[in-house]
Amino acid sequence: MPPPIQLLPPFETVSWSPTERALRVLDQRRLPNAETYLDIRTLDELIDAIRTLAVRGAPAIGVAAAMGLAVLVERELQLDAASAERTRDAATRDTLHARVVSLASAIETARPTAVNLRWALQRMCKRAEHERAEQLVSALREEATRIREEDRAMCHAIGQHGAPLISQGAHVLTHCNAGALATAGIGTALAPLYVAQSRGVSFKVFADETRPLLQGARLTAWELQRAGIDVTVLPDGAAASLLATGRISAVFVGADRIAANGDVANKIGTYGLALAARAHGVPFHVCAPSSTFDVQTATGAEITIEHRDASELATFGELRVLPDNVDVYNPAFDVTPHSLVTHYITDRGLLRPPFHD
């Protein structure tokens, strides 16, 4: 069991709405210009929030899906008194469980690459399997809350295991956002930084901007600045030349799915960063909870890679930057071979590739 939580961010990425039966998420589409929250009550709202990256990051998606599923089931059962009474009389354990499974299946389609989404929903469905109708809502809320608290403990454990890899005066390079905004706690790839900071270690972070949606520039820089950590943003295309200067001590990235052999699916651009790190002898660390390891997927070649809408690449804010009728190739993720990974920093400790049965 990880030690008690000592660090939490000054915002909640995913939480229960304090005023009504709803899931509350920090709307990351509006950062860094506005810190606003969404209350999600319906299946369409939940799928849209996940698909459009209002909530993002594999762990946070899993937590949001679990809590959102509990909200959806509760709202479906909150009928008027007469209808509710008839529903309780007619609903069997099997029909209720089938409805939970149906909702979970719909939610899972929102982001197919992040394994935590499937993992959390499967866990919720298993909890619902043997619950009576009158206990179902409280059981699902309890399980979703447990998933959120375990995520916080997981983040802290990753931070503790990874912090010793950050030395005094280190320069760390990261890609996308795998911090508190991507989890319910202090993050995965940024967790070692927060723990190191709490221990008095001074270091500097370089954050790739992460085109086309700028998660590094909009999100990582925002949360690191709020935490008082020295951060510099660079274009994705400048990462290799920065590594070539010898100024970078280590690369820390997150993961959306890790295959059984250790291949890593993460935000597009991670593979190129790993290649450049290997070329210049810089350690490349992947930070992820044990739930991100997908033992049912043998290698990275079997991971489904989500392709996103062309408009994300064709526009920059309100400005269209591509000519009309130009094709767009916009994968959200790439796969880094396990041979390029120095360490997997997990909630259970440091792992090294390759893995064996």
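Structure first, text after, so check above.
As the structure is a prediction and not an experimental result, all values here were calculated from the model.

## Let's talk about the overall build of the protein
Each helix and strand counted, the protein has 11 helices and 16 strands in total. Based on the C-alpha atoms only, the size of the protein along its principal axes is roughly 70 × 55 × 40 Å. Buried positions account for 54% of the 357 residues belonging to the protein. In the protein, once contacts between residues fewer than 6 apart in sequence are set aside, the share between residues at least 24 apart is 76%. Between the averaged position of the 35 positive side-chain charges in the protein and that of its 41 negative side-chain charges there is a distance of 3 Å.

## What to know about helix 5 (residues 115-128)
Its 14 residues place the ends of helix 5 20 Å apart at the C-alpha level, agreeing with the 20 Å of an ideal helix rising 1.5 Å per residue. A large share of helix 5 lies buried, amounting to 10 of its 14 residues. Every buried residue of helix 5 is accounted for by Val115, Asn116, Leu117, Arg118, Ala120, Leu121, Arg123, Met124, Cys125 and Ala128.

## A few points about the layout of surface pockets
Put simply, the largest pocket is a space of about 660 Å³. Tallying contributions element by element places helix 5 first for the lining of the largest pocket, with 7 residues. Among the residues making up the lining of the largest pocket, the classes are represented as 14 nonpolar, 8 polar and 7 charged. Considering only enclosed or pocket space, the second largest pocket measures out at about 400 Å³ in volume. Class assignment for the residues of the lining of the second largest pocket results in 7 nonpolar, 4 polar and 6 charged.

## Here's the deal with the pattern of salt bridges
For the structure shown, the criterion picks out 23 salt bridges. Glutamate 306 is the salt-bridge partner of arginine 111, the closest N and O atoms lying 2.6 Å from each other. Of this pair, arginine 111 sits in the loop between helix 4 (93-108) and helix 5 while glutamate 306 sits in the loop between strand 11 (293-294) and helix 11 (311-314), and the two are 195 residues apart along the sequence. What makes arginine 111 buried here is its relative accessible area of 5%. In this structure, arginine 123 and glutamate 143 form a salt bridge, with 2.6 Å as the shortest nitrogen-oxygen distance. With arginine 123 in helix 5 and glutamate 143 in helix 6 (residues 133-162), this residue pair connects regions lying 20 residues apart in the sequence. Each member of the pair, arginine 123 as well as glutamate 143, is classed as buried. Because the salt bridges share partners, they merge into one network encompassing Arg123, Arg127, Glu142, Glu143, Arg146 and Glu150.

Rules and cut-offs
Once a new chain begins, its residue numbering starts again from 1 and follows that chain's sequence as written. It should be noted that, the model being predicted, local features are given only for residues of pLDDT at least 70 and side-chain atom pairs only at 80 or more, the latter also being counted only at that level, while totals for whole chains, interfaces and linings use all residues. Just so you know, side-chain values use all the structure's heavy atoms and leave hydrogens and water out. Think of it this way: any DSSP run of H or I at least four residues long counts as a helix, any run of E at least two long counts as a strand, and we number them from the N terminus. Classification of residues uses two cut-offs on accessible area relative to the type maximum, computed with a 1.4 Å probe and protein chains only: under 20% is buried, over 50% is exposed, and between them is partly exposed. The contact criterion used throughout is that any non-hydrogen atoms of two residues lie within 4.5 Å. Positive: Lys, Arg. Negative: Asp, Glu. His and the chain ends are not part of the count. Where a charge lies is defined by one atom per residue type, namely NZ (Lys), CZ (Arg), CG (Asp) and CD (Glu). Multiply 1.5 Å by the residue count of a helix minus one, and that product is the helix's expected span. Cavity means a closed set of points on a 1 Å grid over the protein atoms alone, one where a 1.4 Å probe fits but cannot get out, pocket means an open set with protein on both sides within 12 Å along at least 5 of 7 lines, and lining means a residue has an atom within 4 Å of a point. Grid points are joined across faces, edges and corners, and a volume is the space filled by probe spheres set on the points. Lys, Arg, Asp and Glu make up the charged group, whereas Ala, Val, Leu, Ile, Met, Phe, Trp, Tyr, Cys and Pro make up the nonpolar group; the residues left over, Gly among them, are polar. Think of a salt bridge as a Lys or Arg side-chain nitrogen and an Asp or Glu carboxyl oxygen that are within 4 Å of each other.

Everything listed here is a matter of coordinates, which is why it stays silent on function.
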